[in-house]
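Overview (structure and organization)
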Amino acid sequence: MKRPFSLAGISFLALTLFFAANCFAEPYLDEGTLKKYLEPRDYWNVRLSPDGRHVSVLTKKDDRNTLVVLDLETMKPTASVRYEESRDIEVNGAEWVNSDLLYYSVSRKVASLETPLQYPELFLLAADGSRNDRVWSTHGNYENNARRKGELTRGHPRVVNVLPGDRHRILMLVLSFERRDGAGLGKLVKMDVRNGDTRQLDNVPEYTERVLSSKDARTLLASTLDRDYRRGLLLSVNGGKSWTPLPFDMAGYVDGPDPLAVEDDSVYLLAQRSGAIDAPSHVLRYRIGAGRWEVAYDIGFSSLGGIDVNSEGELTRVQWVDDRPRIEVLDPDDRVSRVLQSFAKSYAGFAVEAVSQTEDKNMLLVYVGSGAYMGEYFLYDAQTRKARFLVSMDEDLDGAQLADLQDARFTASDGVVIPGWFQPPPGVGKPPLVVDIHGGPHGPYHAFGFNASWHLLNAMGYAVYAPNFRGSGGYGRGFERAGFGKWGTRMLDDVAEGARHLVDRGLVDGGRVCVYGGSYGGYGSAQSLVRHNDLYRCGVIIAGVFDLEKQKARTDTRGWYAGGDYMDMAIGDDEEQLREMSPIYHVDEIRAPMLILHGEEDERTPFKGAEEFVEVLEKAGKDMDYRWYPDEGHGNALLENRIDEWQRIERFLRQENGPVSE
């Protein structure tokens, strides 16, 4: 990608890593190469201030996340935040409240865990650096915050609307800490950003998980999820003073649609047509005044990137991904949509996104990225009609000749279309294959974009197949629910059939296919070695599950709001079926060697299960290696442990799957 302007000369944002152009020639992953991939982001969370005078960015400085505010004219810093005095706190996100102030959240290291956790705290930083206040703490906030008087509101704050018409207040949804034990009542709160004072509005409906707001905060949409995981919609047209059910009664669609946007007379949702598992998804519009639903746009069987709605409630732009990112402009007079369409034409096959714009809409911050490019930010000036390069997320990796994604959707043996991505290594004719099973499994999916792990595998000479098997998120409720109760059966059949499809096309070496994944992907890898032991030559199992019945009893998910009910629905509650889908009871069917990696403090997929699995494997004389990581939870957080993990994976694959040159 050609760039006319760079921030490389700014000392505090200086790049310190140099990417070796011939990294693909050497299969061994040395520590320097691993660091480039495992800590790849130089700049991220870039945001433009409403007046266009400043830009905020998160960057790494001395291995610490640093929030920096830059003057756009001089490109010099005006404010920065880095918690170097405490190694247990990190800045992890920031957004502008108004032209002079932005809010940011933090994560904190808890107890012995190395993985930082999102904390219920909120901070306000002035663009000129004159202020950096914590305005929401774990103890909550009072009506009179300075004097700690009046009604106290406690819980996890989520900013719903920065209220462009009121520069001194923001609207927040605060979810109760006691959500796991009861209905999970939330509160709508207006905070005065000058002093942190809060004023509670009426309680939002029971089981609320999310609130969407119109620009003026008059029309609100609450999305609820009850204990049976049935989604409900409630509407308020008076700023949250009262709520009425919004029945989703549009015939022919799967219930439980995903809310997208709301304006004064319009609600937009995404819903999949009922019937086929791989049925198309539609953007639907509910006209509040007329009280009727209508189809606004058909994105087909694909994943939605986003929509844009103008102040009149009209749909101006739809973005989605099928075999590649796509954009459709519905309002040719909408300037932002036209700019994005122009970027999409210039960068064919890339995803483009309008990140933020000024209040006068004269300046627009645009993100551009793909499977081969982590991403770059451009600033478009409507007055000059020119765009200038602002910053790359990683100058080294974005400047390297990395592999791009290829569409790998196929039709399964029962006629269902299974989406996915294929990323072959450059310069290898018929490479060995690593199949990446994503975690979750319901909700997450392999999205289009840059994946450092896939490029690491490419650097080792391996092609990567990343399937979005049924049960994955991103492709509609019907497709997601089709995986319920089929964790160890049909979902993994989709994965295996997709890998065989690549073999049949001659794209990979069918004799050297390995399976890899973490969390559900770890479970799926272990169970795949049981169910499809004629396909996989080896398996890498990270933070896996090996006994589904014990997992349901041990996991911290059970302590969540409706967590037990969800697991019964998603995994199943038939003891015989759970045992049949648990690899620990079928180790005799495993033929391939395994590498098992797990954190000793993991509460999501508890470490005890990995110990038990290894004990059974040892008694059965199975070929396996394992490594436990003290003080790590559900996945490794420390860079030194992540480096160790990948060096073990590289050695294991070379030993069990053969060198790439064979």
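One can find the structure itself at the top, above this paragraph.
Below you will find a few notes about this structure. The numbering scheme is per chain: residues are counted from 1 as the chain's sequence reads. Totals for whole chains, interfaces and linings use all residues, but because this is a predicted model, local features are given only for residues with pLDDT of at least 70 and pairs of side-chain atoms are given and counted only at 80 or more. Water and hydrogen atoms were dropped before computing side-chain values, which therefore reflect all heavy atoms in the structure.

1. A few points about the packing of helix α6 (residues 490-504) against helix α7 (residues 520-531)
Each axis is a line fitted through C-alpha atoms, taken for helices only over the stretch in contact, and angles between the N-to-C directions span 0 to 180 degrees. Strands here mean DSSP runs of E at least two residues long; helices mean DSSP runs of H or I at least four residues long; both are numbered from the N terminus. At a minimum axis distance of 10 Å, the contact between α6 and α7 shows a crossing angle of 75 degrees. With respect to α7, the element α6 is oriented roughly perpendicular. For the pair formed by α6 and α7, the contact residues are M491, L492 and D493 on the first element and Y520, G524, Q527, S528 and R531 on the second. Throughout this entry, Asp, Glu, Lys and Arg are counted as charged residues, while Ala, Val, Leu, Ile, Met, Phe, Trp, Tyr, Cys and Pro are counted as nonpolar. The remaining residues, Gly among them, count as polar. Residue composition of the contact of α6 with α7, by class: three nonpolar, three polar and two charged. The labels follow the angle: roughly parallel below 35 degrees, roughly antiparallel above 145, roughly perpendicular from 65 to 115, and oblique for the rest. Any pair of residues with heavy atoms lying within 4.5 Å of one another is described as a contacting pair.

2. Quick notes on the pattern of salt bridges
The term salt bridge refers to a side-chain nitrogen of Lys or Arg lying within 4 Å of a carboxyl oxygen of Asp or Glu. Here the structure, examined in full by the defined rule, presents 38 salt bridges. Across the salt bridge formed by D258 and R477, the nearest N and O atoms sit 3.0 Å from each other. With D258 in strand β20 (residues 258-263) and R477 in helix α5 (residues 477-481), this residue pair connects regions lying 219 residues apart in the sequence. Buried residues are those whose accessible area, probed at 1.4 Å on protein chains only, stays under 20% of the maximum for their type, while exposed residues exceed 50% and partly exposed ones sit between those limits. Relative accessible area serves as the criterion here: at 26%, D258 is assigned to the partly exposed category. Residue R477 is classed as buried on the basis of its relative accessible area of 19%. For R512, the salt bridge is made with D509, and the minimal N-O distance between the two is 3.1 Å. The class of D509 is partly exposed, set by a relative accessible area of 23%. The network of salt bridges with common partners includes D414, R470, R490, D494 and E497.

3. Here we look at empty space enclosed by the protein
Of the two site types, the cavity is a set of points on a 1 Å grid over the protein atoms alone where a 1.4 Å probe fits but cannot get out, and the pocket is an open set with protein on both sides within 12 Å along at least five of seven lines, each lined by residues with an atom within 4 Å of a point. Grid points are joined across faces, edges and corners, and a volume is the space filled by probe spheres set on the points. Enumeration over the complete set of coordinates arrives at six cavities of 30 Å³ or more. Quantified by volume, the largest cavity comes out at close to 90 Å³. Taken together, G544, V545, F546, D547, K550, Q551, R554, I584, P606, G609, A610 and E612 make up the lining of the largest cavity. For the lining of the largest cavity, the secondary-structure elements that each account for two or more residues are α8 (548-554) and α11 (607-619). Classifying every residue of the lining of the largest cavity by side-chain character gives five nonpolar, three polar and four charged.

4. Some words on helix α2 (residues 335-346)
Expected span of a helix, by definition, is 1.5 Å for each gap between consecutive residues, and there is one gap fewer than residues. With twelve residues, α2 extends 17 Å from end C-alpha to end C-alpha; this agrees with the ideal 16 Å at 1.5 Å per step. All of the buried residues along α2 are V336, S337, V339, L340, F343 and A344. Projection of α2 onto a plane perpendicular to its axis shows the buried side chains occupying an angular sector of 160 degrees, all on one side. For α2, the exposed residues set more than 90 degrees away from the buried face come down to K345 and S346. Residues of α2 that are buried sit in contact with β25 (315-321), β26 (325-329), β27 (351-357), β28 (363-369), β29 (376-381) and β30 (386-392). An arc is given here, and it is the one of the directions from the helix axis to the C-beta atoms.

5. Structural notes on the sheet that holds strand β12 (residues 156-161)
Spatially, β12-β13-β14-β15 is the arrangement adopted by the four strands of the open sheet, whose pairing is antiparallel. A strand with exactly one partner marks an edge of an open sheet, and here the two such strands are β12 and β15 (198-203). Sheet twist, expressed as the average angle between the axes of neighbouring strands with direction ignored, equals 30 degrees. Bridge count for β12 against strand β13 (residues 169-175) is five bridges, and the pairing is antiparallel. Bridge pairing in β13 links N161 to L171. If DSSP finds at least two bridges between two strands, the strands pair.

6. Comments concerning the sheet that holds strand β1 (residues 43-48)
Within the open sheet, the four strands sit side by side as β1-β2-β3-β4. Their pairing is antiparallel. Strands with a single pairing partner mark the edges of an open sheet, and in this sheet they are β1 and β4 (77-81). On average, each strand axis in the sheet is tilted by 20 degrees relative to the strand beside it, whichever way the strands run. For strand β2 (residues 54-61) and strand β3 (residues 64-71), the ladder comprises eight bridges, and the chain directions are antiparallel. Bridge pairing links V55 to L70 in β3.

7. Focus: the nonpolar core
What is meant by a nonpolar core is a set of buried Ala, Val, Leu, Ile, Met, Phe, Trp, Tyr and Cys residues, joined one to another through side-chain atoms within 4.5 Å. Ranked by internal contacts, the top residues of the largest apolar core, which has 90 residues, are L67, Y104, Y377, W646, I649 and L653. With six residues, β28 is the single largest residue contributor to this core. Other than its neighbours up to four places away in sequence, W646 contacts L34, L38, S453, L456, L457, M460 and Y516. Counting 56 residues, the second largest nonpolar core, distinct from the first, contains A412, L433, A526 and M594.

8. What about the packing of helix α1 (residues 31-38) against helix α12 (residues 639-657)?
Relative to each other, α1 and α12 sit at 115 degrees, their axes nearing to 10 Å. In terms of their interaxial angle, α1 and α12 are classed as roughly perpendicular. Relative to α12, the crossing made by α1 is right-handed. Residues E31, L34, K35 and L38 of α1 touch α12, and the partners they reach there are L639, R642, I643, W646 and Q647. Split into classes, the residues belonging to the contact of α1 with α12 amount to five nonpolar, one polar and three charged. Crossing handedness follows the turn of the near helix against the far one: under a right angle anticlockwise gives a left-handed crossing, and clockwise gives a right-handed one.

9. Notes on a positive patch on the surface
Residues R335, R338, K361 and R385 make up a contiguous surface patch of positive charge. Assignment of secondary structure puts R335 in helix α2. Take R335: its relative accessible area is 35%, and that puts it in the partly exposed class. Distance thresholds for patches are 9 Å for like charges and 5 Å for nonpolar side chains (Val, Leu, Ile, Met, Phe, Trp, Tyr), applied to residues having over 30% relative accessible area and no salt bridge. What sets the accessible areas is the Shrake-Rupley method with a 1.4 Å probe; for residues, cover comes only from the shown protein chains. Neither His nor the chain termini are counted; the positive set is Lys and Arg, and the negative set is Asp and Glu. Where a charge lies is defined by one atom per residue type, namely NZ (Lys), CZ (Arg), CG (Asp) and CD (Glu).

10. Section: α11
Spacing of three or four residues puts side chains on the same side of an α-helix, whose turn is 3.6 residues. Between the first and last C-alpha of α11 there are 19 Å, a value that for 13 residues agrees with the 18 Å anticipated at 1.5 Å per step. Turning to α11, its buried residues are F607, G609, A610, E612, F613, V614 and L617. Buried residues in α11 make contact with α8, β39 (594-599) and β40 (624-629). Downstream of α11 by a residue or two, G621 has a phi angle that is positive, lying close to 70 degrees.

11. Re the state of the cysteines
Criterion for a disulfide: a pair of cysteine sulfur atoms within 2.5 Å. By the definition in use, this model includes one disulfide. Two residues, C514 and C538, share a disulfide whose sulfurs are 1.8 Å apart. Negative torsions about the S-S bond denote left-handed disulfides, and the value of about 100 degrees found for C514 with C538 makes this one right-handed. Taken together, the residues span a long stretch of sequence, with C514 in strand β37 (residues 513-518) and C538 in strand β38 (residues 538-542) at a distance of 24 residues. Like C514, the residue C538 is buried in the burial classification.

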